[in-house]
Structures are given as C-alpha cells and as structure tokens.
Amino acid sequence: MAMYSEMSREELLQEKLSLQKEYDEFKSRNLQLDMSRGKPGSEQLDLSLDMLTVLNSKEQCIVNGTDCRNYGILDGISSMKQIFADLLECGEDDIMVGGNSSLNMMFDAIACMMHAGFEGCEPWEKQGEIKFLCPSPGYDRHFGVTQYFGIKMVPVPMTPTGPDMDIVESLVENDEKVKGIWCVPKYSNPQGITYSDETVTRFAKLKPAAKDFRIMWDNAYCIHDVTDKPEKLLSIVSECKKYGNEDLPLIFASTSKITFPGSGVAAMATSPRNMALFKKRYHFQTIGYDKLNMLRHVLFFKNADGVREHMKKHKAVLAPRFNVVISKLRSQLGGLGVATWLEPNGGYFVSVDVMDGCAKRVVALCKDAGVVLTGAGATYPYGEDPHDSNIRIAPSFPPVAELEVAMDLFCLSAKLAAVEKLLAQ
Ligand SMILES: Cc1ncc(COP(=O)(O)O)c(C=O)c1O
C-alpha cells in the first residue's frame, strides 16, 4: 500500500470507509484489555513463587549474629547489598537497601535535598525556583515526583544515544537553578534506549553550575534483556570517579520486575558523602527496612549470577510478547508513513510515535473499543507532548493472544487517526 500522505482524497475516503468498518467490528467485540502499565504478567510472577517458602526456619533468620526477625541494620543486610553492588557495579559500602520500591527511594532522596542543604548550599526548598531536566519521552512517575515538589521541569529531547548531551551540558553548566536530571540509562522507559559510552562519559564530566546538582540515575532495567542482543551500559560510578565527580550520581534499582512488584527490594547506591546526608534522614525516618524480605531474596537467588540466570526466564516469557508488538507494527504500519517506533533489546516498553497530532485520538479510539493504553502525553513533563505523537505500549501484562488482538486494534486506530487527520487538512 502507498504512503498515506501520497494518497488522493478519493483514495483516503475509500481507506477511511474500510478502516471504519473494521473498527466497528472491533467495537462490537466488547474487548476489555489493559496495556497501560508495565506490569509483569502472571507467568512472570510464577517464576519467583518459590521465594515465598524459601525462608522457613529460625536458623535461617540469624545472619552473622543478627536476628533478621528483629529491629536493626538501617542500610540492609550485607548479602543483599552484595547482590546490588554487583548488579550496579559499585562497592558494597555504596549501597543502601531500602523498602519495596525504588521510586519511593527517589522520592525520599528528593525530599531530603529539598529539606536539607548540602554542599554548603541552602536547602532546595529555600532557593526559590529550581529546575530538573527531564529527558523526554520519559517515565511519567519521575515527572510526577518532580511536579509534586513544585520543581520546574525542563524537557530535553532523547536521541538514539541518550539525552541530547549538547543541551544537557549547556543547561547544567550555565544555570545554577538546574539541580537535577532524570535518567533511565539502560533500556529507557519508554524507548528502550541504552545510553552510549560517550553519553555516560559526558555525564561523568559535567561541570554543573550548581554545587548541589545531582543525577538521578534510575537503573530500573539494568538486567532486563528481551532479545539475544543484550546491551552494555558503561559504569557511571567508575566514569565519575575518573573525573573527580563521584558525588554526582544517585543510582537506583529494585527487584520489582525481577521478583514481585510492590513486594520486591529496592536499593540506592551513591558516594560516601551523599550517603551520609541521606542516612541522617533515614535514621529518623525508619528503624530499618524489611530484612526478612531481603533474606528471602538472598536465599532464592544466592548471588547476582543467580539473579542474572533468573532474568533469562523472564526473557523467555517476554520475548514472544515483544515480538508480537514489533511484528504487528511492521506488517500493519510499515511503509504507510503513519508511525515510527523503536525496536528495543530490553526493558518493558515499545515507544511508538504516531502521526503528529494523532496520539490522543489513537488512545481514545483504542479505549472506545476496549483497549486501555497509557494516556497520550504521559511520557512528557506536565503530560504535554508537544507533538501529540508519543504512545507507550506495555506488552508484558496481557497474554499473547490478547496482545495480538490489542495490537491489531492499535494499528487500525493509528491508521484511522492518520486518515482522519489527512482528510481534515
Ligand atoms: C524507570 C522506572 N523506574 C522505577 C520504576 C518503579 O520501580 P519500583 O517498583 O522499584 O518503585 C519503574 C516502574 O515501572 C520504572 O519504569
């Protein structure tokens, strides 16, 4: 079929009639499918079922003389720290193991910097307007946290190698009000982009105008491959050390998409100076996190290699789902000029850019026919996609058969919205 933009008005009208007929058929099926969030499917949750029974005696709870059933150890048990240190390529002493959510730790870190001055600066909350750079499209909940604290969000375009570093350098190095940047450096949410070595090095070499500038390095998808072409991320910790910038990054990760989301274990890694600041706050905030859950994870995985092995099982479940999404996009939208997309090697999403001005319409068409997608605009700060084109597809949750139907509807809706737009011009 020809590119839509090259079709005559007559051809477009004809195409619209046939698409509309197909769409009405979908509607009559009363579908109820959800592709809105990056939630593991039940087959993935089953992979960690044995973790629920692996801890079953008093003896197992005594670790190096500490009874994990009791209060104590603010920053987590050593064996859990070792696993995160290995996965995040840093030292065990750089790790603080937290509760069940890395997003919660990011929220806490920002709350801490809002409230407690550091590097000899006033607390962020006393500095008037402050700004965060938001590589976009990005993770909606990062933007939500920033907005909650009243921090001004400045979008920075993503490129195939990570955020546009010319823009990042120019803003960070010349504007004292820029205090932070959100990064999902490996298999980014939603595009699945892994930052290139050059991008990581340029982050490590930043000379921020603000002494209290920090990089929020959310390595949520550090070991989440979905194809046989795993990507490698340069270690931000060693790069920053090379350039005397070891205090810049705050690194986060969790086992949410490894074991059980909401019941996993989260961690933060950072320099000793930063850690001292955060621990001062944690010391008042909690007596300690859930050591029994840490222990369950350690007994289940043994070590970081055990976690990596486990991720192969996730890959086996996820790969067919990603294949469905990619093959439907290729076969139904390829060559029509109505959408572009990235084909990721890992992470949890496929990011599709439909024709400019059509994302909201596509999401609405899908919703009216029973398929819920992440809201259009969600991948941009303040929910405002300047092109109204980006849509995040989350293939993990629905069973493959449902995903196929949902993708058929998605592709049909992308075409219908494009034809409507071209006819309206
Ligand atoms: C980039 C990113 N960071 C963090 C999270 C949430 O992680 P957690 O469950 O550890 O709070 C998600 C969940 O989708 C995510 O995509």
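Procedures and definitions
- Residues numbered from 1 in each chain as written.
- Predicted model: local features only at pLDDT ≥ 70, side-chain atom pairs only at ≥ 80, totals over all residues.
- Heavy atoms only, no water.
- Disulfide = S-S within 2.5 Å.
- Phe/Tyr/Trp six-rings, centres within 6.5 Å; stacked < 30°, edge-to-face > 60°.
- Buried < 20%, exposed > 50% of the residue type's maximum accessible area, 1.4 Å probe, protein only.
- Helix = DSSP H or I, 4+ residues; strand = E, 2+ residues; numbered from the N terminus.
- Domains from an automatic or database assignment.
- Contact = heavy atoms within 4.5 Å.
- Buried area = accessible area lost by both parts, 1.4 Å probe.
- Salt bridge = Lys/Arg side-chain N within 4 Å of Asp/Glu carboxyl O.
- Polar contact = N/O pair within 3.5 Å; in protein donor to acceptor, adjacent residues only side chain to side chain.
- Core = buried A, V, L, I, M, F, W, Y, C linked by side-chain atoms within 4.5 Å.
- Near = heavy atom within 4 Å.
- Areas by Shrake-Rupley, 256 points an atom, 1.4 Å probe, with all protein chains shown as cover.
- Nonpolar A, V, L, I, M, F, W, Y, C, P; charged D, E, K, R; others polar.

1. Thoughts on the state of the cysteines
Throughout this description, disulfide means a covalent bond between two cysteine sulfur atoms. Under the definition given, this model contains zero disulfides. Cys183 takes part in no disulfide bond, and the closest cysteine sulfur to it belongs to Cys134, at a distance of 10 Å.

2. With respect to the packing of aromatic side chains
Under the criterion given, the structure shown has 13 aromatic pairs. Geometrically, the ring pair formed by Phe118 and Trp124 is tilted, given 6.2 Å between the ring centres and 50° between the ring planes. Given a relative accessible area of 1%, Trp124 falls into the buried group. Judged by centre distance (5.8 Å) and plane angle (50°), the ring pair of Phe132 and Trp182 falls under tilted. Taken as a pair, Phe132 in strand E5 (residues 131–136) and Trp182 in strand E8 (residues 178–183) lie far apart in primary sequence, 50 residues in all.

3. Things to note about the domain arrangement of the protein
As assigned here, the protein comprises domain 1 (4–44 + 309–424) and domain 2 (57–302). For domain 1 versus domain 2, the distance between C-alpha centres works out to 31 Å. Each partner contributes to the interface: domain 1 provides 26 residues, whereas domain 2 provides 33 residues. Each partner contributes to the roughly 2,600 Å² buried at the junction of domain 1 and domain 2, and carbon and sulfur atoms together form 60% of this total. There are two salt bridges connecting domain 1 and domain 2. Between Asp140 and Arg37 there is a salt bridge, and its shortest N-O distance comes to 3.1 Å. Here domain 1 and domain 2 share 13 residue pairs in polar contact (both at pLDDT 80 or more) between them. Residue assignment for the side of domain 1 that touches domain 2 shows that the elements contributing at least two residues are helix H12 (304–333), strand E13 (350–354) and strand E15 (390–393). Ranked by the residues each element gives to the side of domain 1 that touches domain 2, the list is headed by H12, at seven residues.

4. Some remarks on the nonpolar core
The biggest cluster of nonpolar side chains holds 57 residues, and the ones touching the most others in it are Tyr4, Leu329, Val352, Val354, Val371, Met407 and Phe410. Among the elements that line this core, the one with the most residues is helix H14 (residues 400–424), at 15 residues. Two domains share this core, each providing at least three of its residues, namely domain 1 (4–44 + 309–424) and domain 2 (57–302). Sequence-distant contacts of Leu329, that is, excluding residues within four places in its chain, are made with Gly334, Trp341, Val350, Val352, Met407, Phe410 and Cys411. Counting 53 residues, the second largest nonpolar core, distinct from the first, contains Val97, Met158, Ile181 and Ile223.

5. Remarks on the site of the ligand
Every residue near the ligand is listed here: Ser101, Ser102, Leu103, Tyr139, Val184, Asn189, Asp218, Ala220, Tyr221, Ser254, Ser256 and Lys257. Between the ligand and Leu103, the relevant distance is 3.0 Å, taken from an oxygen atom to a main-chain nitrogen or oxygen of the residue. Within the side chain of Lys257, an N or O atom sits 2.6 Å from an oxygen atom of the ligand. Summarising the interface, the protein chains cover 87% of the accessible area of the ligand, which totals 400 Å² for the free molecule. The residue makeup of the shell around the ligand, split by class, is five nonpolar, five polar and two charged.

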